[in-house]
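Examining the three-dimensional arrangement
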Amino acid sequence: MRRGNAAGSTALPHRWPWLIRGFRRYACRFVRKNFHAVRLSKSGHTLAVGDDPLLVVLNHPSWWDPLIGIVLSCAFVDRDQFAAIDAVAVQQYRFFQRVGFVGVDTKSLRGAAEFLRTGAAILSQPRRVFWVTAQGRFTDARERPLGLQSGVGHLAARLNTATVLPIAIEYAFWTERTPEALVRVGEPLKVAEHPGLSGKEWTARIEAALTHNLDVLNAETMKRDPSAFTELLAGKTGIGGVYDVWRRLKSWVRGRKFDPSHDQTAREELGAKS
């Protein structure tokens, strides 16, 4: 028998809305500075998934994942959002709690139990979101099996009404000097449609869904086709320095609008040879 959403008296982080807004703006600026673009695969599911509590499960290829998650969180600005993070980081930087980060101790049974209590409390109410990088360690986007930690499955097994949303992330260098952050949203798993699954069964189901989602994203990444993605955030383009100054001057002399992208450079060079 499925247990109810054990919200109990678990205390959730007291968040400061003004700090959340400021931190989101900072994160977006920082990502723009360091990436060419954040792109969402057109072949995946949309981020619109109804009013159920939402357990977002991501793979964990990089230090950048929380910041990319913050960019994606803009799709849920009208929801209460929380994210799991290493407990040590919360102890070192207390302000993380004020923006909705929840410390998770992955090295003890007590920490695992606290993760389940906190996660169930968060997801006991509609229109809440809980973001979890379920691998628990940095892992290459092409490593298989994904090896999700079992806590995410045991959390899903505790819920009566929620949606599990698998989101895949990969980073790649295409034509610019800064990388692309590529994202694909997998098919949502509605808890109510899978009654009676154990924590182990839920972990396997979530891992299978995230693996399929990541396999598709891997293939799209290798095709290097921006038209297969929607651009969520535009960042840095161009080579920079004296070379871009020279290109800008050439565009001005020819009466053309300057495009700093490397693709434009290639087109200009091809045109000069033809």
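If you're wondering where the values come from, they're calculated on a predicted model, not measured in any experiment. (Residues numbered from 1 in each chain as written. Predicted model: local features only at pLDDT ≥ 70, side-chain atom pairs only at ≥ 80, totals over all residues. Heavy atoms only, no water.)

Moving on, we come to the overall build of the chain. The helix and strand inventory of the chain stands at nine helices and nine strands. Each of the 274 residues in the chain was classed as buried or not, and the buried ones make up 47%. Intrachain contacts of the chain at a sequence separation of at least 6 include 79% that bridge at least 24 residues. Carbon and sulfur atoms form 56% of the exposed surface of the chain, whose accessible area is close to 14,300 Å². (Helix = DSSP H or I, 4+ residues; strand = E, 2+ residues; numbered from the N terminus. Buried < 20%, exposed > 50% of the residue type's maximum accessible area, 1.4 Å probe, protein only. Contact = heavy atoms within 4.5 Å. Areas by Shrake-Rupley, 256 points an atom, 1.4 Å probe, with all protein chains shown as cover.)

The linkage connecting arginine 144 with the following residue, proline 145, adopts the cis geometry, with an omega of -5 degrees. Residue position: proline 145 is located in the loop between strand E5 (128-133) and helix H6 (151-158). A positive phi angle, close to 60 degrees, is found at arginine 127, a residue other than glycine. Position of arginine 127 among the secondary structure elements: in the loop between helix H5 (109-122) and E5. Positive phi values are uncommon outside glycine, yet arginine 224 reaches one of about 55 degrees. Along the chain, arginine 224 turns up in the loop between helix H7 (199-223) and strand E9 (229-234). With a relative accessible area of 42%, arginine 224 lands in the partly exposed category.

Here we come to the packing of aromatic side chains. For the structure on display, the rule yields 13 aromatic pairs. Centroid distance phenylalanine 35 to tyrosine 171: 5.8 Å. Interplanar angle 45 degrees. Geometry classified as tilted. Linking phenylalanine 35 in the loop between helix H1 (17-34) and strand E1 (37-41) with tyrosine 171 in strand E6 (residues 163-172), this pair joins segments that are 136 residues apart in sequence. Between phenylalanine 95 and phenylalanine 96, the ring centres sit 4.7 Å apart and the planes meet at 50 degrees, which makes this aromatic pair tilted. Using a relative accessible area of 33% as the deciding quantity, one classes phenylalanine 95 as partly exposed. (Phe/Tyr/Trp six-rings, centres within 6.5 Å; stacked < 30°, edge-to-face > 60°.)

In this model, the chain carries an average pLDDT of 86, and 83% of its residues clear a pLDDT of 70 or more. Across residues 1-6 the pLDDT falls below 50, and counting only partners more than four positions away or on other chains, this stretch makes 24 contacts in the model. Below pLDDT 50 for its whole length, residues 239-244 participates in nine contacts with residues either more than four positions away or in separate chains. (pLDDT = per-residue confidence, 0-100.)

The final tally for this structure, using the stated rule, is zero disulfides. The closest cysteine sulfur to the non-disulfide-bonded cysteine 28 is located on cysteine 74, 4.5 Å from its own sulfur. (Disulfide = S-S within 2.5 Å.)

If you check H5, its first and last C-alpha atoms are 20 Å apart, about what 14 residues at 1.5 Å a residue would give, namely 20 Å. When we look at burial in H5, the residues that qualify are Gly111, Phe115, Leu116, Thr118, Gly119, Ala120, Ala121 and Ile122. Against the buried residues of H5 lie strand E3 (80-86), strand E4 (101-104), E5 and H6. (Expected span 1.5 Å × (residues − 1).)

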